[in-house]
Amino acid sequence: NISPVGSRALAGGVDFFSEGRRTLGGMASGATKRTLKGITSMFDGSAATVAGGTPAGASTPGGGANASGGMTPKTPLTQISKTLQSRPNFKKTRPAASLGVQSDQDKTSHMGEQSRVKFQFWRILVLTAVLSSTLSFAIDNFTFIYGMWRIQFTNATNITGLLGVTCANVIMVLVARLIVRTTMECEGSGFPEMKAMLFGHVLDNYLTLRVLFIKAIGLAMLVSAGLPVGKEGPNCHMAACIAKNLDPEFIKKRQQSAAGSGQITKLILAACAVGVGASFSAPIGGVIFSLELMLPQVYDHTSYWGCFASGIFGSLTYEVLRSWTAGSTGLLPLISTNVAAGEGAQSHYPLCRLLLDVTLGAICGFLGGHWITMHAKFAKAFKDWRLKGVKPAAPVPAGAEPLLGTAKKRNMCGKIWNFQWRDLFLCALVTALNTVWAGYLPLLNGKPQPLLISNLFDKNLMMETDTWVLPQLGVVGTLMACLAMKWFMTIMSLSLSMPTGVVAPTMIIGALLGRTYGFLIPDSIKDILLTNAAGEPGNEEEYGAFMARFAIIGAASFCAAVCRAFAMAITVFEVLALPGAVLPLCSATLTAIFVANQVELPFFDKNLAGRGPRGLPAPALPNQ
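This one's a predicted model, so the numbers in the text were calculated from it and none came from an experiment.

**A look at the overall build of the protein chain**
Per the secondary structure count, the protein chain includes 24 helices and 0 strands. With 624 residues in all, the protein chain has 49% of them scored as buried. The contacts in the protein chain between residues at least 6 apart in sequence include a share of 80% that link residues at least 24 apart. When the accessible surface of the protein chain is split by element, carbon and sulfur atoms take 65% of a total near 28600 Å².

Here it is as structure tokens:
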């Protein structure tokens with residue numbers, strides 16, 4: 001049953017081993033020769049059986065002759081080679097040792113085939129970048145327009161409007177859940193399963209067109225309803241679905257060869273770069289983010305440049321589409337600020353200022369690790385309560401649990417109308433609580449995520465406290481109330497069985513944490529740090545930029561602590577272009593990652609750890 005390719009490989013290996021054994025035997029000492037002879041006698045017995053012959057020294061049914069009428073060779077390895085070469089299709093298909101071809105014409109044909117494969121690979125890469133960025137822009141545009149409409153009614157002073165927008169958000173989330181329920185592969189972020197695929201797990205039912213469309217619809221409706229979920233992970237998942245289905249025949253042929261499977265891995269990596277790069281309009285940050293999260297097991301120049309090419313094409317496509325429609329929709333980038341270069345960063349005590357930034361990074365790392373632990377507990381509690389009363393499936397042996405279940409024949413209508421009230425009740429409860437709670441906090445007020453991040457990074461936020469501060473709580477109390485709301489609502493939203501991302505909501509938590517941290521610093525220290533060379537204290541804009549920089553550093557640090565991705569610092573700097581923020585961003589982000597490593601696993605690895613060890617790069621468990 002050996003294939004022609006296997007025959008060629010085995011025959012070449014046999015010839016090489018035989019020649020090497022004869023050479024080594026001539027050079028070895030007497031003891032070594034006896035050892036080689038013993039090894040050879042053991043190997044010959046089994047090798048001759050595989051070749052259809054007999055062990056050395058044994059007679060054949062024909063009186064010591066082999067099947068071809070000759071005597072059994074002294075070395076049965078030679079017999080294996082002759083047996084394989086005598087097959088009818090062996091001489092026709094056996095390649096030369098250099099390029100796998102025999103003649104110059106075959107070499108030319110082989111090189112042409114390799115060029116066609118490379119061209120097809122890069123064509124799929126570029127098309128994936130363009131199409132996935134276009135889809136990301138369409139989702140962003142829809143959610144931003146709906147979010148700007150939602151702001152008008154998400155206000156506690158207008159009870160009728162707040163009640164109406166709450167009902168609208170609940171209905172939208174319930175419809176999204178009924179749609180997503182038909183395809184379980186659409187649930188969650190997508191990063192953990194893509195990591196498992198890069199480790200060799202075959203999840204073909206995870207990258208279908210059906211998954212692409214349903215995940216896009218569910219994600220758009222969920223973000224539009226105001227739930228604090230991101231779209232970076234789902235964007236990467238949808239980009240991988242697009243790459244898989246642009247040319248199914250090419251993908252199928254590549255999967256059937258050892259070299260081709262590596263190209264599939266490169267496409268998945270490029271999809272990650274497109275998803276993050278298009279979300280932030282930051283191709284470099286997207287590439288570094290994908291390499292950090294997806295490359296503990298594979299790396300080469302094609303993957304590296306493929307990620308860069310796809311990230312650049314995707315970001316370029318997104319920016320072109322946004323510039324064409326900026327006048328009509330006012331779509332903001334995900335992160336933006338009005339802090340100028342040097343504002344709030346100049347100080348006579350740079351080490352003291354850097355110490356404050358590193359301390360903020362340590363706080364973000366500590367809280368980020370515990371945020372992951374809290375999310376895992378909430379997700380388990382939600383799942384256990386949601387599955388109460390559901391008939392348990394057949395038991396699965398330990399270690400054999402599928403990541404996403406096995407492919408099953410689905411009944412669309414049956415899945416939609418399979419009423420599970422606990423599941424729908426959780427979606428409705430979280431949505432209603434999120435809408436009403438935000439309505440009582442003017443700083444949040446149901447704003448779309450790009451607008452909210454822009455406000456938190458605004459240097460003029462402190463000059464407009466009368467528009468967002470609750471008098472009974474004060475500035476610090478209002479910020480802490482907003483922080484608590486985003487902290488718990490993000491955990492509960494990510495615990496739902498819906499398409500969700502974690503990057504943008506954790507950046508908002510970090511920005512609120514940084515703002516709160518800045519207000520807790522005594523005014524005397526702020527005055528010392530912001531005093532200029534002439535001994536004059538900083539003005540209001542300097543103070544505002546000083547506080548905004550803490551929000552920026554907190555956003556990058558907390559998100560990096562949750563995802564364990566230093567790329568967050570690179571992405572923030574790439575988008576905001578603040579030269580004075582490079583060292584504080586890097587120092588605080590690294591500190592946050594190191595501290596979080598001592599507390600809990602990364603968010604995506606924690607997700608995979610709950611499903612068994614498969615898909616994990618076997619990291620050391622954190623100290624308990």
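After presenting the structure, the write-up continues.
**A word on the packing of aromatic side chains**
This model, assessed by the stated rule, comprises 13 aromatic pairs. Note on F546 and F550: the rings are 4.9 Å apart at their centroids and 90 degrees apart in plane angle, and the pair reads as edge-to-face. Of this pair, F546 and F550 both sit in helix α21 (residues 540–563), 4 residues apart, which is roughly one turn of the helix. Considered together, F546 and F550 belong to a single accessibility category, that of buried residues. Taken together, the ring pairs connect W371, W487, F558, F603 and F604 into an aromatic cluster.

**Digging into the nonpolar core**
Soluble globular proteins tend to pack their nonpolar side chains together in the buried interior. Counting residues in hydrophobic clusters, the biggest one holds 119 residues, and the most contacted among them are F289, W371, F457, V502 and V503. Per element, the largest residue contribution to this core is 13 residues, and it comes from α21.

**Comments concerning the packing of helix α6 (residues 159–180) against helix α8 (residues 209–224)**
The packing of two helices is summarised by the inter-axis angle and the distance between the axes. At their nearest, the axes of α6 and α8 sit 9 Å apart, and the two run at 160 degrees to each other. Classed by the angle they form, the pair α6 and α8 counts as roughly antiparallel. With respect to the hand of their crossing, α6 and α8 are arranged in left-handed fashion. Residue-level contacts link N169, M172, V173, V175, A176, I179 and V180 of α6 to I214, I217, G218, M221, L222 and S224 of α8.

**Some thoughts on unusual backbone geometry**
Positive phi values are uncommon outside glycine, yet N445 reaches one of about 55 degrees. Positive phi, normally seen in glycine, also occurs at R564, with a value near 55 degrees. As for its placement among the helices and strands, R564 is situated in the loop between α21 and α22 (567–576).

**Describing the pattern of salt bridges**
For the structure on display, the rule yields 12 salt bridges. In this structure, R177 engages E187 in a salt bridge whose closest nitrogen and oxygen atoms are separated by 3.4 Å. A residue pair is termed long-range when its members are at least 10 positions apart, and R177 in helix α6 and E187 in the loop between α6 and α7 (191–198) qualify at 10 residues. Several salt bridges converge on common partners, so that one network encompasses R177, R181, E187 and D423.

**Describing empty space enclosed by the protein**
Under the definition given, this model contains 5 cavities of 30 Å³ or more. What the largest cavity holds in volume is close to 370 Å³. For the largest cavity, the lining is made up of 34 residues, of which V223, K447, P448, Q449 and P450 are closest to its centre. Mapped onto the lining of the largest cavity, the elements with two or more residues apiece are α5 (104–151), α11 (258–280), α13 (301–329), α16 (421–439), α17 (449–456) and α18 (474–494). The element that contributes the greatest number of residues to the lining of the largest cavity is α5, accounting for 5 residues. Along the lines of polarity and charge, the residues of the lining of the largest cavity split into 18 nonpolar, 9 polar and 7 charged. Reported here for the second largest cavity is a volume of approximately 70 Å³. If you trace the second largest cavity, you find it lined by L207, A240, A243, K244, I251, I264, L267 and I268. The set of elements that each furnish at least two residues to the lining of the second largest cavity consists of α9 (232–246) and α11. Taken together, the residues of the lining of the second largest cavity sort by class into 7 nonpolar, no polar and 1 charged.

**A few points about α21**
The end-to-end C-alpha separation of α21 is 35 Å, in line with the 34 Å expected for 24 residues at 1.5 Å each. Burial of α21 is extensive: 20 of the 24 residues sit out of reach of the surface. Measuring from the side-chain oxygen of the N-cap residue of α21 to the backbone nitrogen of E541 gives 3.2 Å; that N-cap residue is N539. Positive phi shows up at R564, right after α21, with a value of about 55 degrees.

**Considerations on the state of the cysteines**
Counted according to the given criterion, the structure contains 0 disulfides. Its sulfur unpaired, C563 is 4.3 Å from the next cysteine sulfur, which belongs to C559.

**Things to note about a nonpolar patch on the surface**
Together, I159, V436 and Y440 make up an exposed nonpolar region whose accessible area comes to about 280 Å². Here V436 shows up in helix α16.

**Description of the environment of G342**
Mapped onto the fold, G342 is located in the loop between α13 and α14 (350–386). Classification of G342 as partly exposed rests on a relative accessible area of 22%. For the pair G342 and P579, spaced 237 residues apart in sequence, the C-alpha separation works out to 7.4 Å.

**A look at the environment of N205**
Here N205 lies in the loop between α7 and α8. Separated by 20 residues in sequence, N205 and E185 have C-alpha atoms that sit 7.8 Å apart.

**Re the side chain of K447**
By the element assignment, K447 lies in the loop between α16 and α17. Summary of buried charges: K447 has no salt-bridge partner, and the nearest side chain of opposite charge, E464, is 8.0 Å away. Ignoring sequence-local partners within four residues, the contact set of K447 consists of R150, I151, P442, L452 and N455.

Thresholds, definitions, all that
- Residues numbered from 1 in each chain as written.
- Predicted model: local features only at pLDDT ≥ 70, side-chain atom pairs only at ≥ 80, totals over all residues.
- Heavy atoms only, no water.
- Helix = DSSP H or I, 4+ residues; strand = E, 2+ residues; numbered from the N terminus.
- Buried < 20%, exposed > 50% of the residue type's maximum accessible area, 1.4 Å probe, protein only.
- Contact = heavy atoms within 4.5 Å.
- Areas by Shrake-Rupley, 256 points an atom, 1.4 Å probe, with all protein chains shown as cover.
- Phe/Tyr/Trp six-rings, centres within 6.5 Å; stacked < 30°, edge-to-face > 60°.
- Core = buried A, V, L, I, M, F, W, Y, C linked by side-chain atoms within 4.5 Å.
- Axes fitted to C-alpha atoms, helices over the stretch in contact; angles between N-to-C directions.
- Parallel < 35°, antiparallel > 145°, perpendicular 65-115°, else oblique.
- Left-handed = near helix turned anticlockwise from the far one by under 90°.
- Salt bridge = Lys/Arg side-chain N within 4 Å of Asp/Glu carboxyl O.
- 1 Å grid on protein atoms, 1.4 Å probe; cavity = no way out; pocket = protein on both sides within 12 Å on 5 of 7 lines; lining within 4 Å.
- Points joined across faces, edges and corners; volume = space filled by probe spheres on them.
- Nonpolar A, V, L, I, M, F, W, Y, C, P; charged D, E, K, R; others polar.
- Expected span 1.5 Å × (residues − 1).
- Polar contact = N/O pair within 3.5 Å; in protein donor to acceptor, adjacent residues only side chain to side chain.
- Disulfide = S-S within 2.5 Å.
- Patch = residues over 30% accessible without salt bridge, like charges linked within 9 Å, V, L, I, M, F, W, Y side chains within 5 Å.
- Lys, Arg positive; Asp, Glu negative; His and termini not counted.

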